[in-house]
Amino acid sequence: TINVTGSGDFELNIAEAQLGGNAIVGSVVAAKIDASGHTGALTVDVGTANIEHFSAKNWTGVDKIKVITDDSTSVDTAIIDVASGTEVILAGIESSDNTVTIDPNGTASGETLTVTLNNATAGSNIAFTTLTTDGFETLTINSTGTDSSSTVVKNSILNVDGLSTDTTLLLTGDKKLT
């Protein structure tokens, strides 16, 4: 168990391998993060998802998950059992054929998710093939980033997939999204 206490906005940098990540979705083991005694925003930054898949099932008090996709074993990155109200920040995409799947923790109605496209490198876009968020009835895509002196950030997702009951899609941010 990783216990986080105190107050303030914190970022916990830990590789998904240390969180029970696995190349096979069904073999993922969820590590426990308990930030119920913490006041402020807590971001878990897994860095580059080399193993591809990890679970947030046993995470309490985590407000944001930051990840960079990797396609060394698969073009798909899956974040499993994400709590409603969480923000997932895509800080980098290895290849434009990458897919990102984010599944909710449970089957309640009214599940919400924010996916922020914000490359950690100035002047770099987030561009990938498919974002799948089955089970989140409200999805907000926040398109942002930092321009460089020579490049204006323009993010892109070819497909946004969800269930027929996932009826609300909100687009926000200060960068173009196609």
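Our structure's up above, just so we're on the same page.
On to the packing of aromatic side chains, then. Per the counting criterion, the structure on display carries 1 aromatic pair. A centroid spacing of 6.3 Å and a plane angle of 20° characterise the contact between Phe54 and Trp59, whose relative ring orientation is stacked. Given a relative accessible area of 7%, Trp59 falls into the buried group.

On to the nonpolar core. Judged by nonpolar contacts, the single largest core of 33 residues is most densely connected at Trp59, Ile65, Leu90, Ile102, Phe128 and Leu131. Excluding its chain neighbours within four sequence positions, the residues that come into contact with Leu131 are Val100, Ile102, Val115, Leu139, Ile141, Ile157, Asn159, Val160 and Asp161.

Taken as a whole and assessed by the stated rule, the structure comprises 3 salt bridges. The shortest N-O distance in the salt bridge between Glu11 and Lys66 comes to 3.1 Å. In this pair, Glu11 is assigned in strand S2 (residues 10-13) and Lys66 in strand S7 (residues 64-68), connecting sequence segments 55 residues apart. Relative accessible area serves as the criterion here: at 41%, Glu11 is assigned to the partly exposed category. A salt bridge links Glu87 to Lys64; the nearest nitrogen and oxygen atoms lie 3.9 Å apart. Taken as a pair, Glu87 in strand S9 (residues 86-92) and Lys64 in strand S7 lie far apart in primary sequence, 23 residues in all. Relative accessible area serves as the criterion here: at 28%, Lys64 is assigned to the partly exposed category.

Looking now at the sheet that holds strand S3 (residues 33-39). Strand order in the open sheet formed by 3 strands is S1-S3-S6, with parallel pairing between adjacent strands. A single partner strand is all that each edge strand has here, and the edge strands are strand S1 (2-7) and strand S6 (59-60). Where S1 lies against S3, 5 bridges are found, and the strand directions are parallel. The residue bridging Gly6 from the neighbouring strand is His38, located in S3.

Turning to a nonpolar patch on the surface, a few remarks are in order. A cluster of nonpolar side chains, contributed by Val160, Leu169 and Leu171, occupies part of the molecular surface with about 280 Å² of accessible area. Leu169 gets classed as partly exposed once you look at its relative accessible area, which sits at 47%.

Taken across its 7 residues, S9 has 7 buried, putting it largely inside the fold. For S7 and S9, the ladder comprises 5 bridges, and the chain directions are parallel. Bridge assignment links Ile68 to a residue of S9, and that residue is Gly92.

The 6 strands lie next to each other as S5-S8-S10-S12-S14-S16, forming an open sheet whose pairing is parallel. Each edge of the open sheet is held by one strand with a lone partner, namely strand S5 (53-55) and strand S16 (176-177). In terms of strand pairing, strand S12 (residues 127-132) meets strand S14 (residues 154-161) through 5 bridges, oriented parallel. By the bridge assignment, Thr130 is partnered in S14 with Asn159.

It is worth spelling out the environment of Val25 at this point. Tracing the backbone through its elements, the reader meets Val25 in the loop between S2 and S3. Considered as a pair, Val25 and Glu52 are 27 residues apart in the sequence and their alpha carbons are 8.6 Å apart. When sequence neighbours within four positions are dropped, the list of residues in contact with Val25 reads His53, Ala78 and Ile80.

Structurally, the position occupied by Ser55 is in strand S5. Of the residues examined, Ser55 reaches a relative accessible area of 4% and is grouped as buried. Those residues in contact with Ser55 that lie beyond four places of it in its chain are Val28, Ala30, Ile80 and Asp81.

The rules behind each value
Residues numbered from 1 in each chain as written. Predicted model: local features only at pLDDT ≥ 70, side-chain atom pairs only at ≥ 80, totals over all residues. Heavy atoms only, no water. Phe/Tyr/Trp six-rings, centres within 6.5 Å; stacked < 30°, edge-to-face > 60°. Buried < 20%, exposed > 50% of the residue type's maximum accessible area, 1.4 Å probe, protein only. Core = buried A, V, L, I, M, F, W, Y, C linked by side-chain atoms within 4.5 Å. Contact = heavy atoms within 4.5 Å. Salt bridge = Lys/Arg side-chain N within 4 Å of Asp/Glu carboxyl O. Helix = DSSP H or I, 4+ residues; strand = E, 2+ residues; numbered from the N terminus. Pairing = 2+ DSSP bridges. Patch = residues over 30% accessible without salt bridge, like charges linked within 9 Å, V, L, I, M, F, W, Y side chains within 5 Å. Areas by Shrake-Rupley, 256 points an atom, 1.4 Å probe, with all protein chains shown as cover.

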